[in-house]
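Summary of structural features
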There are 2 protein chains.
Amino acid sequence: MSSIWQEEIAAETRAGGRISDRFIVDKVRKAVLTQRLPPGTRLPEVALGDIFGVSRSVVRKALTRLAADYVVTQQPNQVARVRAPSIEETRETFAARRLVEGEVAALLAGRLDEEQLATIAALVEREAEAHACGDEPARIEHSLAIHHLLAEHSPNRVLGAMLTDLILRTSIVIALYKRAGLASCYLAEDHPSLLTHLHSGDAEAARRCIRDHLEALENLLDLSVRETRIDLMAILGQREGVTE
Amino acid sequence: MSSIWQEEIAAETRAGGRISDRFIVDKVRKAVLTQRLPPGTRLPEVALGDIFGVSRSVVRKALTRLAADYVVTQQPNQVARVRAPSIEETRETFAARRLVEGEVAALLAGRLDEEQLATIAALVEREAEAHACGDEPARIEHSLAIHHLLAEHSPNRVLGAMLTDLILRTSIVIALYKRAGLASCYLAEDHPSLLTHLHSGDAEAARRCIRDHLEALENLLDLSVRETRIDLMAILGQREGVTE
DNA sequence: ACCGACGTTTCTGTATACAAAGTCTCCAAC
DNA sequence: GTTGGAGACTTTGTATACAGAAACGTCGGT
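Reference entry: report on the structure contained in this document. (Residues numbered from 1 in each chain as written. Chains lettered and ligands numbered in written order. Predicted model: local features only at pLDDT ≥ 70, side-chain atom pairs only at ≥ 80, totals over all residues. Heavy atoms only, no water.)

A look at the overall build of chain A
- A count of helical and extended segments in chain A gives 11 helices and 3 strands.
- The N-to-C order of helical and strand elements in chain A reads α-α-β-α-α-β-β-α-α-α-α-α-α-α.
- Since a compact globule built from 244 residues should have a radius of gyration of about 18 Å, the 19 Å found for chain A is in line with a globular shape.
- Projecting the C-alpha coordinates of chain A onto the three principal axes gives extents of approximately 55 × 45 × 35 Å.
- In chain A, which comprises 244 residues, the proportion classed as buried is 46%.
- Considering only residue pairs separated by 6 or more positions, chain A has 74% of its internal contacts joining residues 24 or more positions apart.
- Accessible area of chain A: about 12,100 Å², with a carbon and sulfur share of 50%. (Helix = DSSP H or I, 4+ residues; strand = E, 2+ residues; numbered from the N terminus. Rg over C-alpha atoms; globule rule 2.2 N^0.38 Å. Buried < 20%, exposed > 50% of the residue type's maximum accessible area, 1.4 Å probe, protein only. Contact = heavy atoms within 4.5 Å. Areas by Shrake-Rupley, 256 points an atom, 1.4 Å probe, with all protein chains shown as cover.)

Focus on the protein's contact with DNA strand D
- The full set close to DNA strand D counts 19 residues, and E45(A), R56(A), R60(A), S55(B) and S57(B) are the nearest of them.
- Here the atoms of DNA strand D within 4 Å of the protein split so that 67% fall in sugar or phosphate, with bases taking the remainder.
- Take S55(B): an N or O atom from its main chain is 2.6 Å from a phosphate oxygen of DNA strand D.
- Of all the secondary structure elements, the ones that give two or more residues to the surface near DNA strand D are β1 (42-43) and α4 (56-68) of chain A together with α4 (56-68) of chain B.
- When residues in the surface near DNA strand D are grouped by element, the largest group, 3 residues, is from α4(B). (Near = heavy atom within 4 Å. Polar contact = N/O pair within 3.5 Å; in protein donor to acceptor, adjacent residues only side chain to side chain.)

Some thoughts on the interface of chain B and chain A
- Counting residues at the interface gives 24 residues for chain B and 23 residues for chain A.
- Here chain B packs against chain A, burying approximately 1,700 Å² in sum over the two surfaces, 68% of which is carbon and sulfur.
- The interface formed by chain B and chain A includes 0 salt bridges.
- Where chain B touches chain A, the interface holds 4 residue pairs in polar contact (both at pLDDT 80 or more).
- Secondary-structure elements contributing two or more residues to the side of chain B that touches chain A are α4, α5 (87-108) and α8 (157-177) of chain B. (Buried area = accessible area lost by both parts, 1.4 Å probe. Salt bridge = Lys/Arg side-chain N within 4 Å of Asp/Glu carboxyl O.)

A word on the protein's contact with DNA strand C
- Surveying the vicinity of DNA strand C reveals 19 residues, the closest of which are S55(A), S57(A), E45(B), R56(B) and R60(B).
- By atom count, sugar and phosphate contribute 63% of the portion of DNA strand C lying within 4 Å of the protein.
- S57(A) places a side-chain nitrogen or oxygen 2.5 Å from a base nitrogen of DNA strand C.
- In this structure, R56(B) approaches DNA strand C through a side-chain N or O atom, which is 2.9 Å from a base nitrogen.
- Mapped by element, the contributors of at least two residues to the surface near DNA strand C are α4 of chain A together with β1 (42-43) and α4 of chain B.

Re the packing of helix α2 (residues 21-33) of chain A against α4(A)
Residues and elements named next belong to chain A.
- The geometry of α2 relative to α4 is characterised by a closest axis approach of 8 Å and an angle of 50° between their N-to-C directions. Our classification of the angle between α2 and α4 gives oblique. Crossing handedness for the pair α2 and α4: right-handed. Contacts between α2 and α4 involve D21, I24, V25, V28 and R29 on the former and, on the latter, V58, V59, K61, A62, R65 and L66.
- A class-by-class count of the residues in the contact of α2 with α4 yields 7 nonpolar, no polar and 4 charged. (Axes fitted to C-alpha atoms, helices over the stretch in contact; angles between N-to-C directions. Parallel < 35°, antiparallel > 145°, perpendicular 65-115°, else oblique. Left-handed = near helix turned anticlockwise from the far one by under 90°. Nonpolar A, V, L, I, M, F, W, Y, C, P; charged D, E, K, R; others polar.)

Thoughts on the environment of P85(A)
Residue and element names in this part refer to chain A.
- Relative to the helices and strands, P85 is located in the loop between β3 (80-82) and α5 (87-108).
- A relative accessible area of 6% places P85 in the buried class.
- The spacing of P85 and T64 is 21 residues in sequence and 18 Å in space, taken between C-alpha atoms.
- Those residues within four positions of P85 in sequence are excluded, and the remaining contacts are T90, V173, L176 and Y177.

Some thoughts on the sheet that holds β3(A)
Residues and elements named next belong to chain A.
- Pairing is antiparallel in the open sheet, where 3 strands are placed in the order β1-β3-β2. The sheet terminates laterally at β1 and β2 (72-73), the two strands that pair on one side only.
- Looking at chain direction, β2 and β3 are connected through 2 bridges and run antiparallel. Bridge pairing links V72 to V82 in β3. (Pairing = 2+ DSSP bridges.)

Section: the nonpolar core
- Core analysis: the biggest nonpolar cluster contains 78 residues, and M162(A) and M162(B) have the highest contact counts within it.
- Not counting residues within four places of it along the chain, the set of residues in contact with M162(B) comprises A96(A), V100(A), M162(A), L166(A) and V100(B). (Core = buried A, V, L, I, M, F, W, Y, C linked by side-chain atoms within 4.5 Å.)

By themselves, these are just geometric observations and shouldn't be taken as functional.
Okay, structure coming up:
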């Protein structure tokens, strides 16, 4: 009965840390992001409880929070499942993120101090390196870190929190709908030029840069209407990935 | 031990409906909105459970969801309390709502059918009437209904859901920071002219109309820096409103 | 009168038990 | 071969018990 979290759970308990609902939320979220838990996966409370070594109470709280974050769906008297955002929702999520992240970038332009800019510049650099090495997981991690930094430094904290959510949701659908043959969703010019605009303080250029970047990203996805496939999968969805 | 929900609970149970976490969420939300539960109010799980006639399990789920909606704060091993958004957060919430609702209005301009427009027109009409009669609660209800309709009809459902959240959050801070002497936050021209733009299909005019409307609303609030008062209240916050 | 230690009370965190709803399987009937 | 249904099984909904943390009040000392 191998679980994909064994090592991390062992590490956490060794470290004296108690497994809390937050721990479970983080792990499930990451597993969904990396597609180790594909959409439609059943997440029964007892199974999760056994895996993490806690009772259903804790698992229930974690699932409730994951549902609030749109990571899983919870219907009365039914097993929670990993959510499968539709193609339409994917487009809408990208549009929402363009609006919000564009605004955040505009607010941020010219307002970051040297240290913050340097941090971002370093990440941009490391992302390029990782791409050159063909280390896609590392590249994704650095790319995500850049966007999360924007959210974190947003002068408007409310927008920042909304952006954090949207980054997560777009990441999930990117993983879901990445064009089959595509090795990477890397756009070499975008992050460096964003950095330039943030530095120079041109708010509208920064906004446009972000919006174009996100639109290009969306266009890298395969959002053609094989929606039937997804729907069938969601309905018949029998796969498991938790117990086994 | 009078609770502010007695009648509604009785009605619900008479109707055969079982009290669920959703019921509790709705009631608490509304009570916060109408300031019957002022910021800082303690919300102990057992007390709520007694009032609603359910066990802590149900209350806990409700509180978790209210926390996800930013209505209450939950800190480990401490009683949940009604959240007291700061003045800064209030400003940020308004800015976020201007961005999102402006976009929704722009998307909606010229895309509503006659029936939907008629529904909104009727609400605008009734809001004006309620204001004329001095029936402020009714006016607020109709005003909120207008904005919620925008959110509901948003072509972009993701943005629509975000807008629903933001409407709730701004409503709470409006109640909180309404200038003392002010009887009403009514801006006679704004809703009718929004309707005009939605009808004519001028997206940018609709966007601007919403943004101006929300900015005017924000300016009606008393957001001067008596922030100390709020902070003290949150810290000493000893008031109760649930048990009694 | 003020301050700090200590015991009491209150409240949350977690596990668990039981009931109700949903799901699956198998078998008979068409 | 497909449909329909009875039963067993699985899974969630809710209540409750107990342990531990925080808040509160009291009492002694200064």
